[in-house]
Every structure is written in structure tokens, then in C-alpha cells.
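Close look at the chain arrangement
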Amino acid sequence: MPSARAASTPLRSTLLRSRRRVEAVIAGGGPDIVFQPIVRARDGVIEGYEALSRFPAGGGDTEAWFADAAQCGLGPALDRSAVVKALEESTRLPDGPFVAVNLSAATLLADAALVDMLREYGGRRPLVVELTEHAVLDDEDAVVAVSAELRDGGVAVAVDDVGSGYAGMRQLVVLEPEVIKLDAFVVHDMKNSRAKRALAELVLEFARKTDARCVFEGIETDEDLEAATSMGADLLQGYRIGRPTAV
């Protein structure tokens, strides 16, 4: 039977490789940034842009990069580098529409300077911070407090990927976000799924009763678009609406 030390060696090597990849991206100024439009369902006018990170090939998809960064202790540093670069590049977007950036609650709680930067930006242009949690928040009171700080600076808070995990509904109640993003899993092929339509209707009704706006993510086909608009979605996002592009 191999020893625990021998068994842990491949894991240490994997973590070291991941750390070096992430450090290289951070040292290079952060991941590449592309912006995907978010449009009003009623007339197709662009209401905002979500900043999305893109990474070098060979390290997995975007979620894998952020997961690797968190595992090797660089999650907040990679978060910060992506957001700082997104805010810098967003100055080339048309004036008016909001900019949405993704952040983990852990990064917000650990980086007061970043919170101040977001508040300063929110004083110049509409800004939405999308919380990317897929599990229960470790310190709900602290997250509520930092969310209040952001709002005081004119920054709206969004809960991302609602419908993809068990913690989403609790976060809606605790955080009372200004924006609710319905996960692409729920939206895609919603027309042919009674369960997906029922969940979407519940989330949309919650948004209306709490004065939030609901973004239907993952609009990929004409059928997705028809189902979302007929249901009364506020905002739409997905490849059928517009692909992420650099500016």
C-alpha cells in the first residue's frame, strides 16, 4: 500500500502547477476580458454588459481557473485582477448601460480597498456586482454588511446562477438583491419543460414582489427567446442575444 506521503505527491504537484499558471495570469495583468450584452426583453435595447474572464488554453474552462485559484489560496487575488481589468476596459463601452462584474463574497470580505474601488466606480457609472457563490455563505451578516456598503456607493448587488444550487433561494432572502440572474440551465429549453417554466415563474414573481430585476441567462435559441419574453422576463442574456466580445 502506498504511503500517505507518496499519495499526496501528485496532489502537491498539481497544486503547484495550478498556482504557477494562476500567478502568471495575475502577473500579466489579469485574464482577458470580454463583455456580453444584457438587453431589455420588451424592446431589445442594451441595458448592460457583463464582464467575463477568458484564460489561456490548457487550464480548463473559466470556472476551473477560479476553482484552482481558490484551492491554492489565490482566489481573491485572481478575482481582484479580473475586476480591476474589467473596470479599466469598460471605459471603452458606450456610455449609459451598466457594467456587471463577478466576485465571490470571500473576496469582498477580504479586500476593503476593492470595495472602495467599486464604490468609486459606482459613483461614475451604473455598476452591478454579481455574487458568484454556489454554496451557503460562511458569514451572512458580514456579506449583508458589505452589500450595504456597496449600495451606499451606488452599486447594485446581484445573485448569480439562481436555480443551479440549493443555496440560491436563501441568498435571495438574505441579500434582497437588486438583480436576480436565472441560471442558463433553467432557461435553456424552458419551452419544453414544465418544471423549468414553473421555477422561472416563481423566481420572476419573487423578483417583482421585491422590486428586483430578473435576467434570464442562457438564451441560445429562438424558442428560448420566445419562452422568456412570453413569460414577462425583464432582461435577457445569451448567445441568441449577443456573444461576448472584447472592446
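Use the structure listed above.
One structure accompanies this document, and this report is about it. (Residues numbered from 1 in each chain as written. Predicted model: local features only at pLDDT ≥ 70, side-chain atom pairs only at ≥ 80, totals over all residues. Heavy atoms only, no water.)

A separate point is the pattern of salt bridges. Summed over all chains, the structure comprises 17 salt bridges. Measuring nitrogen to oxygen at the nearest pair gives 3.3 Å for the salt bridge that ties Glu 47 to Arg 40. Accessibility classification places Glu 47 together with Arg 40 in one group, the buried group. Put simply, Lys 209 and Glu 205 hold a salt bridge, and the shortest N to O gap is 3.6 Å. Highlighted residues: Lys 209 and Glu 205, both in helix 9 (residues 194-209), separated by four residues, approximately one helical turn. By relative accessible area, which is 66% here, Lys 209 ends up exposed. A residue is classified by how much of its surface remains accessible, and Glu 205, at 36% relative accessible area, is partly exposed. (Salt bridge = Lys/Arg side-chain N within 4 Å of Asp/Glu carboxyl O. Buried < 20%, exposed > 50% of the residue type's maximum accessible area, 1.4 Å probe, protein only. Helix = DSSP H or I, 4+ residues; strand = E, 2+ residues; numbered from the N terminus.)

So, about helix 9. With 16 residues, helix 9 extends 23 Å between its outermost C-alpha atoms, agreeing within 8% with the 22 Å of an ideal straight helix rising 1.5 Å per residue. Buried residues along helix 9 sit in contact with strand 5 (155-162), helix 7 (168-175), strand 6 (179-182), helix 8 (184-187), strand 7 (213-216) and helix 10 (222-231). (Expected span 1.5 Å × (residues − 1). Contact = heavy atoms within 4.5 Å.)

With mixed pairing, eight strands are arranged side by side around a closed barrel as 1-2-3-4-5-6-7-8. Two strands pair when backbone bridges link them, and strand 5 and strand 6 are joined in this way by three bridges, in the parallel orientation. By the bridge assignment for strand 6, Val 162 is matched with Leu 182. Relative to the sheet, helix 7 contacts strand 4 (127-131), strand 5 and strand 6, its axis offset from that of strand 5 by approximately 165 degrees. (Pairing = 2+ DSSP bridges. Axes fitted to C-alpha atoms, helices over the stretch in contact; angles between N-to-C directions.)

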